[in-house]
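# Breakdown of the fold
Spelled out, the chains give:
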Amino acid sequence: MQYSVLGSSGESVSRVCLGSMTWGLQNNQQDADQQIDYGLAQGVNFIDTAEMYAVPPSAETYGATETIIGDWLSRHQQQRKDIILASKIAGGGLPYIRGGSPITGESIIQAVDDSLKRLQTDYLDLYQLHWPNRTSPHFAKHWPNQIAFTAADGQAEEQSMLEILQALDTCVKAGKIRYCGLSDDTPWGINTYLKLSEKYALPKMTSIQNEFSLLHAKDWPYLIENCVHENVAYLPWSPLATGLLSGKYAGGKRPAGSRWTLVQRNGLFRDTPAAHAATAKYAEIAMAWGISPSQLALAWCNQVDGVTSTIIGATNMEQLKENIDAFELNLSEQALADITTVFKQYPMVF
């Protein structure tokens, strides 16, 4: 296993981050135990979760994933120090989480305490904002004029960000969280938080996790360049585009128990003709180089300059082993050239 530095935190994290959002819906406690044990045995030291999980989110599964991880931690207390454990506070919009209200200083204080209780730990290494209070260009909202940026109240947003940072500072000083991060945000979001942190001597945002894959690479180059020069770790999530790049949905297939058979909060917006066409071409490249389509996509993501650690997820051990093995691969210049040819044909497929 190879490791990178988690932004300005200085912490060393594995290039593989074990995602957990299937635990509590598609996977049970026993499944999670096996995945955690295997991941740690392979050198993974980075686990990501969220209060909102399992996914797709629901009132019935809210907090289930953290509870499962907490069960494991309660039986492996001596290993807690060896894990960089990350969680996230949900933003507004889900009525069963704080009435659907946006993130406030007060909600951060409460959410941190609730997560720590479910996780059965005294501290979180990384605490992230799952999505910003303002509408951001993610989840199929990145096309021109889907968001009216000019109608936003920037000063009000900054004031909200300051309140959030002050609450995070309270949690840091109390020893409840060590570092802070973002998710599903933008260069403006990153830089505004950094500006406020410097001005008011508050914790810095050390990382950001956004959707990033061969099928959805809108963060390259501008956001990733921003991360590199501001020392903010970049953590791609959904590097297989919710499993699409594995090829399992080719030809309209819906394998039993797979994510696309479940009701999606934002719909199956990734299910487009262009996405399937690109996936088929990437599968051909993978076959030519003697690896699986999933491994091609993960190895490519791992070799993108500026990526710190890639968040993977699996519903069975076979998938997990295949995915972790991908990070031992080093795609050749010719393989990368083959991928780039397809990427230029299909630069933005959903």
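Residues numbered from 1 in each chain as written. Predicted model: local features only at pLDDT ≥ 70, side-chain atom pairs only at ≥ 80, totals over all residues. Heavy atoms only, no water.

### Comments concerning empty space enclosed by the protein
Which parts of space are left empty comes out when a probe the size of a water molecule is rolled across the atoms. Using the following cut-off: Cavities and pockets are found on a 1 Å grid laid over the protein atoms alone: a cavity is a set of points where a 1.4 Å probe fits but cannot escape, a pocket is an open set with protein on both sides within 12 Å along at least five of seven lines, and a lining residue has an atom within 4 Å of such a point. Grid points are joined across faces, edges and corners, and a volume is the space filled by probe spheres set on the points. Only DSSP runs of H or I covering at least 4 residues are called helices, and only runs of E covering at least 2 are called strands; the numbering of each starts at the N terminus. The nonpolar class holds Ala, Val, Leu, Ile, Met, Phe, Trp, Tyr, Cys and Pro. Asp, Glu, Lys and Arg form the charged class, and all remaining residues, Gly among them, are polar.
Tallied over the entire structure, the rule returns one cavity of 30 Å³ or more. Taken as a whole, the largest cavity encloses approximately 50 Å³ of empty space. Lining the largest cavity we find Pro132, Asn133, Arg134, Glu157, Ser160, Met161, Ile164, Asp185 and Tyr193. With four residues, helix 4 (residues 154-173) is the single largest residue contributor to the lining of the largest cavity. Residues belonging to the lining of the largest cavity are distributed by class as follows: four nonpolar, two polar and three charged.

### Digging into the environment of threonine 61
Our working definition: Should any heavy atoms of two residues lie within 4.5 Å, those residues are counted as being in contact.
Tracing the backbone through its elements, the reader meets threonine 61 in the loop between strand 4 (46-48) and helix 2 (64-75). When neighbours within four sequence positions are excluded, threonine 61 is seen to be in contact with Gly24, Leu25, Tyr53, Ala54 and Pro56.

### Considering the environment of threonine 206
Let me state the cut-off plainly: When a residue's accessible area, from a 1.4 Å probe over protein chains only, is under 20% of the maximum for its type it is buried; when over 50% it is exposed; and in between it is partly exposed.
Among the structural elements, threonine 206 can be located in strand 8 (residues 205-211). Judged by relative accessible area, threonine 206 falls into the buried class, the value being 2%. Sequence separation between threonine 206 and serine 9 is 197 residues, and the spatial gap between their C-alpha atoms is 6.2 Å.

### Regarding the packing of aromatic side chains
Two numbers describe a pair of aromatic rings. These are the distance of the centres and the angle of the planes. Formally: Pairing of aromatic side chains requires ring centres within 6.5 Å, counting the rings of Phe and Tyr and the six-membered ring of Trp. Pairs whose planes differ by under 30 degrees are stacked, by over 60 edge-to-face, and all others tilted.
In this structure the tally under the stated criterion is seven aromatic pairs. With a centroid separation of 5.7 Å and 15 degrees between ring planes, the pair formed by phenylalanine 212 and tryptophan 300 is classed as stacked. Taken as a pair, phenylalanine 212 in the loop between strand 8 and helix 6 (222-230) and tryptophan 300 in helix 8 (residues 293-302) lie far apart in primary sequence, 88 residues in all. Owing to a relative accessible area of 13%, tryptophan 300 belongs among the buried residues under this scheme. Consider the rings of phenylalanine 269 and phenylalanine 350, whose centres lie 6.0 Å apart with planes at 65 degrees: the pair is edge-to-face. One end of the pair, phenylalanine 269, is in the loop between strand 9 (233-237) and helix 7 (273-288); the other, phenylalanine 350, is in the segment after helix 10 (333-345), and 81 residues separate them in sequence. Here phenylalanine 269 falls in the buried class, since its relative accessible area comes to 16%. For phenylalanine 350, a relative accessible area of 5% corresponds to the buried category.

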